[in-house]
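Inside the fold
Chain by chain, the residues:
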Amino acid sequence: MARKTLPGGGWQAIRYTLKKAWQVGPWRLWKRMRSRNACKTCALGMGGMNGGMVNEAGHFPEVCKKSLQAQVADMIGALPADYFDKHTLEDLKQLTPKQAEDAGRISYPVILEPGATKFRTISWNDALTLIAERMKETPPDQAAFYASGRSSNEAAFLLHSFARVYGSNHTMNCSYYCHQASGVGLKMALGTGTATVDLEDLSHADLVFLIGANPASNHPRLMTQLANLHARGGEVIVVNPIRESGLETFFVPSQVKSMLMGSKIATQYVQPKAGGDVAFLVGVLKQLDEQQLVKTDFLAAHTEGQEDAIHYAREVSWERITTDSGVDRATISASAEKLANAKAAIFAWAMGITHHRWGVENVLALCNLALATGHIGRKGAGVMPIRGHSNVQGIGSIGFAPSLQDGVRQALEKAYGGVVLPTTPGYDTYEMIEAADEENLQFLFNLGGNLWGSNPDLELAKRAMNNVKTTVFLSTKLNPGHFHGHGKTTLILPVFARDEEPQSTTQESMFNFVRLSEGGTPNVEGTLRAESDIICDIADRVLSSHPVDWQRLKNHNEVRKLISEIIPGWEQIGTINDTKGEFTIPGRLYHSPKFNTANGKALMHKTELPELDADTLTLMTIRSEGQFNTVVYEEYDLYRGIPHRFCVMMAEADIKRLNLKDGQRVTVSGEAGSLDNIEVVAGNIKDGVVAMFYPESNVLIKANIDPRSRTPAFKSAPVWIRPMGASAQHTKLPDESSR
Ligand SMILES: Nc1nc2c(c(=O)[nH]1)N[C@H]1C(S)=C(S)[C@@H](COP(=O)(O)OP(=O)(O)OC[C@H]3O[C@@H](n4cnc5c(=O)[nH]c(N)nc54)[C@H](O)[C@@H]3O)O[C@H]1N2
Ligand SMILES: Nc1nc2c(c(=O)[nH]1)N[C@H]1C(S)=C(S)[C@@H](COP(=O)(O)OP(=O)(O)OC[C@H]3O[C@@H](n4cnc5c(=O)[nH]c(N)nc54)[C@H](O)[C@@H]3O)O[C@H]1N2
Ligand SMILES: [Mo]
């Protein structure tokens, strides 16, 4: 019997809210939640100038347990002043992600010196001087700059432009481990790297094709749209190896009826193999073709490449399609029929699609379907990668990437007084880790994030990062990456979260909507500083104030003026602080079938089925309901009924086949390492597929990288599972005491 699961949302979310509110004071929390700042969690783009808990279409109240979790976490109080005196580096390495998160807000700068057993506090002046000295000694091509997706456009623009003036193009962001395959695939097929629809389109669609995503946990505010769609008679096709309870029934906290009765979500639930999506999607195309349901007129008018793509679907056998996808013909045919009958469909996806060696193929196969059914380039129809971090899209848009388009580079050179910027493309994220492993990296600047924990093969990532001579983290909270992924000299500098910034900042949502966050006052006492302030002070010390006056650029209005001059489509950002005019970046939404390609046509691609290994179990490393990326708020996964983080979810058939039992402790081995004492949890998951939580499971997997997006295959890693010795079954889990 699979364990008991809970439907998503609902009273437990409200109960949790009340409990959390109690921790930091309900009034204080209410004020923060209602402040005019874009939500800190996912990229759905809530809040901003409409005030918190309001979506882009102006709907209030949009309540989300996740944004509350993140908000409370930033309010829990500062790290004690003697924290680092009391804990050696070795102690700190033992912290679980949750313990590191719960320790408190970082509120003073600290340094770890070579050979030291502890971090010690350091003054801001000494810290910045040391960083500048180290940067000056470092050949620029041995310096790298990583950005997570929570920082502002202003800080990200300052950092990447500083890095380039200094001489390094090694500026990469977390999207290489996230939605890069979406950007690459969409660009190839549709001439744009982002969603072609906005939030309003969702209310005009009558079908959403939701593949490889679990918004019940990760984008709860999207669930309102899906529940509404179902309620008005629309279709929601879910494609996911796990039957996610929250994608079947969700209790929308802002709707009374839904809170009482629950809202149905999926109208068809397809459970493919992990990595079986290309086969499934090609199968749907094949079915449409066989039934002459492909919109050939639309293709003739608006696309190229359809012959190849459709010819390939005709050639692949049904047997190969059903075997590789793990989906039977009747199911494929039902999906095809729903798509053909829909008036306006939106294709939405997340990491289940991108985290494969064939992530780009997956995205291309999705684009093929959208084109073949004519569900793109109209109101209510199109494609929608469901983005991760709340500003990951903005950080990419404003140029935090290993190379700049020529026009953008030239505009930047001009704006910065004629400096000449490097043109050799910089490292992507994994290349940077490899460079560090080969001792070719001397300086690493982290604008937020947990680069270590986000990596496949944590042992290698640690070895690589420990080679770096000087590592700088700008962070709000501690995470294990600070202690395992440190450099020889390591500085951790405390920064404001966006709702504490003294100046306004901007973010871009997954719907290409640029939001203004007005900032606020610090949640904790300490010497925290704004990210932009720190970056400008370092730049000033490294490069002096000529030709770029970095002190002047501490003013976010000045930075936005630059962005408005340099980044195409961002003109309106220059005056956003005065006009409060949040805006959609022009040219990104496709409400007519005109694509941003040389001839205005979209391009279909032949998407070959990848070779799958049928003999081993396939591990998907996923997020629990209680975490945000490497940050763990709660150890259990409420919706899936998983009691703690060291579990492996398996199908009953696999449990039986391997002679195991639900609840038994096993050893899970992957290509990079193994984990003992993992509890088997029987769940409704496709056989042959198992699931474990990231980041802990990153110990297991090797970096199998998609050559086109450079994204690791976090969702298709081979693993082997065997019982632990009898005595081992009684030993405690690593963090049992903390649960
Ligand atoms: N609460 C919360 N919200 C978040 C985050 C968080 O950690 N916590 N993270 C943010 C970030 S950065 C991101 S990128 C997003 C991530 O959002 P998601 O992509 O939804 O998160 P994951 O848990 O990585 O995986 C999603 C789903 O993909 C399915 N899946 C795995 N492999 C396959 C496959 O091969 N095929 C198919 N069809 N499905 C598959 C899994 O069963 C799972 O349901 O969420 C963002 N929002
Ligand atoms: N196995 C496996 N690995 C994965 C994934 C997976 O599904 N499976 N998912 C991948 C994905 S989609 C992503 S996006 C990456 C995540 O990669 P990252 O973005 O690098 O990691 P996070 O865990 O989101 O970073 C959390 C830390 O960011 C800091 N932080 C939070 N807010 C702020 C802020 O406002 N400013 C600053 N300066 N710092 C802040 C805090 O110190 C916090 O501890 O991981 C990837 N790795
Ligand atoms: Mo992500």
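Residues numbered from 1 in each chain as written. Chains lettered and ligands numbered in written order. Predicted model: local features only at pLDDT ≥ 70, side-chain atom pairs only at ≥ 80, totals over all residues. Heavy atoms only, no water.

A word on the layout of surface pockets
Applicable threshold: Only protein atoms enter the 1 Å grid used here, on which a cavity is any set of points holding a 1.4 Å probe that cannot leave and a pocket is any open set flanked by protein within 12 Å on both sides along at least five of seven lines; residues with an atom within 4 Å of a point are listed as lining. Grid points are joined across faces, edges and corners, and a volume is the space filled by probe spheres set on the points. Strands here mean DSSP runs of E at least two residues long; helices mean DSSP runs of H or I at least four residues long; both are numbered from the N terminus. Gly is put with the polar residues, along with every residue not named as nonpolar or charged; the nonpolar set is Ala, Val, Leu, Ile, Met, Phe, Trp, Tyr, Cys and Pro, and the charged set is Asp, Glu, Lys and Arg. An automatic or database domain assignment supplies the residue ranges for each domain.
Here the largest pocket defines a volume of roughly 1200 Å³. Around the largest pocket, the lining is made up of 34 residues, and of these Lys187, Gly193, Gly396, Ser397 and Gln405 lie nearest the centre. For the lining of the largest pocket, the secondary structure elements donating two or more residues are helix H9 (180-190) and helix H22 (392-397). Looking at the lining of the largest pocket residue by residue, the classes come out as 13 nonpolar, 18 polar and 3 charged. Inspection of the lining of the largest pocket shows a minimum of three residues originating in each of domain 2 (110-178 + 391-571) and domain 3 (186-372).

Description of the domain arrangement of the protein
For clarity, the cut-off: Here a residue-residue contact requires only that any non-hydrogen atoms of the pair lie within 4.5 Å. A 1.4 Å probe defines the accessible area here, and the buried area is the portion of it lost by two parts on being joined, summed over both. One side-chain nitrogen of Lys or Arg within 4 Å of one carboxyl oxygen of Asp or Glu is enough to make a salt bridge.
Each assigned domain of the protein is listed here: domain 1 (8-75), domain 2 (110-178 + 391-571), domain 3 (186-372) and domain 4 (617-738). Taking the mean C-alpha position of each, domain 3 and domain 4 sit 27 Å from one another. Across the boundary between the two partners, domain 3 contributes 27 residues, which contact 25 residues of domain 4. Together, the buried faces of domain 3 and domain 4 total about 2000 Å²; carbon and sulfur atoms form 56% of this surface. When the area that domain 3 buries against domain 4 is broken down by residue, the three leading residues are Ile242, His355 and Arg357, summing to 30%. Note that Glu361 is salt-bridged to Arg708, the shortest N-O span being 2.9 Å.

Structural notes on the side chain of Lys715
What counts is decided by this rule: Relative accessibility thresholds used throughout: buried, under 20% of the residue-type maximum; exposed, over 50%; partly exposed, between the two (1.4 Å probe, protein chains only). The sign given to each residue is positive for Lys and Arg and negative for Asp and Glu; His and the chain ends receive no count. N or O atoms within 3.5 Å of each other form a polar contact, as long as, within protein, one can give a hydrogen and the other can take it, and as long as residues adjacent in sequence are counted only when both atoms are side-chain atoms.
By the secondary structure assignment, Lys715 is in the loop between strand S27 (689-693) and strand S28 (717-723). An unpaired buried charge is present at Lys715: no salt bridge exists, and Glu244, the closest side chain of opposite charge, is 9.6 Å distant. Here the side chain of Lys715 touches Thr621 through a polar contact of 2.8 Å, landing on its backbone oxygen. Look past the residues within four positions of Lys715 in its chain and what remains in contact with it is Ala274, Met351, Gly352, His355, His356, Thr618, Leu619, Met620, Thr621, Ile622 and Arg623.

Quick look at the pattern of salt bridges
Inspection of every chain in the model, using the stated rule, returns 36 salt bridges. Lys86 is the salt-bridge partner of Asp82, the closest N and O atoms lying 3.2 Å from each other. For Asp82, a relative accessible area of 30% corresponds to the partly exposed category. Judged by relative accessible area, which is 58%, Lys86 ranks as exposed. Measuring nitrogen to oxygen at the nearest pair gives 3.3 Å for the salt bridge that ties Arg515 to Glu582.

Structural notes on the side chain of Glu508
Relative to the helices and strands, Glu508 is located in strand S17 (residues 505-508). Side chain to side chain, Glu508 and Gln393 meet in a polar contact 2.7 Å long. Side chain to side chain, Glu508 and Ser397 meet in a polar contact 2.7 Å long. Glu508 has contacts with Asn153, Ser390, Asn391, Gln393, Gly394, Ser397, Phe513, Val514, Trp570, Ile585 and Arg588, leaving out every residue within four places of it along the chain.

Concerning the pairing of strand S14 (residues 443-447)
In regular strands, side chains alternate between the two faces of the sheet. Stated precisely, the cut-off is as follows: Pairing between two strands is assigned when DSSP locates at least 2 bridges connecting them.
A large share of S14 lies buried, amounting to 5 of its 5 residues. Going residue by residue along S14, you find Phe443, Phe445 and Leu447 tucked away on one face and Leu444 and Asn446 tucked away on the opposite face as well. Two strands pair when backbone bridges link them, and strand S4 (residues 143-147) and S14 are joined in this way by 5 bridges, in the parallel orientation. Across the sheet, Tyr146 pairs through a bridge with Asn446, a residue of S14. In the sheet, S14 pairs with strand S15 (residues 470-475) via 5 bridges, with the strands oriented parallel. Looking across to S15, one finds that Leu447 is bridged to Leu474.

A few points about the site of ligand 1
To keep things clear, this is the line we draw: Whether a residue is near a molecule or strand depends on its heavy atoms: it is near if one of them lies within 4 Å of it. Areas reported here follow the Shrake-Rupley algorithm with a probe of radius 1.4 Å; residue values treat only the protein chains shown as occluding.
Close contacts around ligand 1 come from 31 residues, with Glu244, Asp277, Arg623, Gln627 and Asn629 the closest. For ligand 1, the protein covers 99% of the area, taking 910 Å² as the surface of the free molecule. Classifying every residue of the shell around ligand 1 gives 13 nonpolar, 13 polar and 5 charged. When we break the shell around ligand 1 down by domain, the ones giving at least three residues each are domain 3 (186-372) and domain 4 (617-738).

Structural notes on unusual backbone geometry
Backbone torsion omega between His546 and Pro547 reads 0°, so that peptide bond is classified as cis. Note the cis peptide between Tyr694 and Pro695, where omega equals 5°. As for its position among the elements, Pro695 is in the loop between S27 and S28. Backbone geometry at Asp457 places phi at a positive 50°, although glycine is not the residue there. Here Asp457 is to be found in the loop between helix H25 (451-454) and helix H26 (458-466).

Here's the deal with the packing of aromatic side chains
The following threshold applies: The pairing test for Phe, Tyr and Trp rings, Trp by its six-membered ring, is centres within 6.5 Å, and the orientation test on the planes gives stacked under 30 degrees, edge-to-face over 60, and tilted for anything in between. Distance and angle both matter: a charge sits over a ring if NZ of Lys or CZ of Arg is within 6 Å of the ring centre and within 35 degrees of the ring normal.
According to the stated counting rule, one finds 16 aromatic pairs in the structure shown. With centroids separated by 6.1 Å and ring planes inclined at 55°, the aromatic side chains of Phe145 and Phe443 adopt a geometry described as tilted. Highlighted residues: Phe145 in strand S4 and Phe443 in strand S14, separated in sequence by 298 residues. Per residue, the accessibility class of Phe145 equals that of Phe443, and both read buried. Taken together, a centroid distance of 5.2 Å and an interplanar angle of 90° make the contact between Tyr590 and Phe595 edge-to-face. We classify Tyr590 as buried; its relative accessible area is 3%. With relative accessibility at 5%, the residue Phe595 sits in the buried group. Members of the aromatic cluster, joined through ring pairs, are Phe145, Phe162, Tyr166, Tyr416, Phe443, Phe445 and Trp550. Taking the ring centre of Phe628 as reference, the NZ or CZ of Arg150 above it sits at 5.2 Å.

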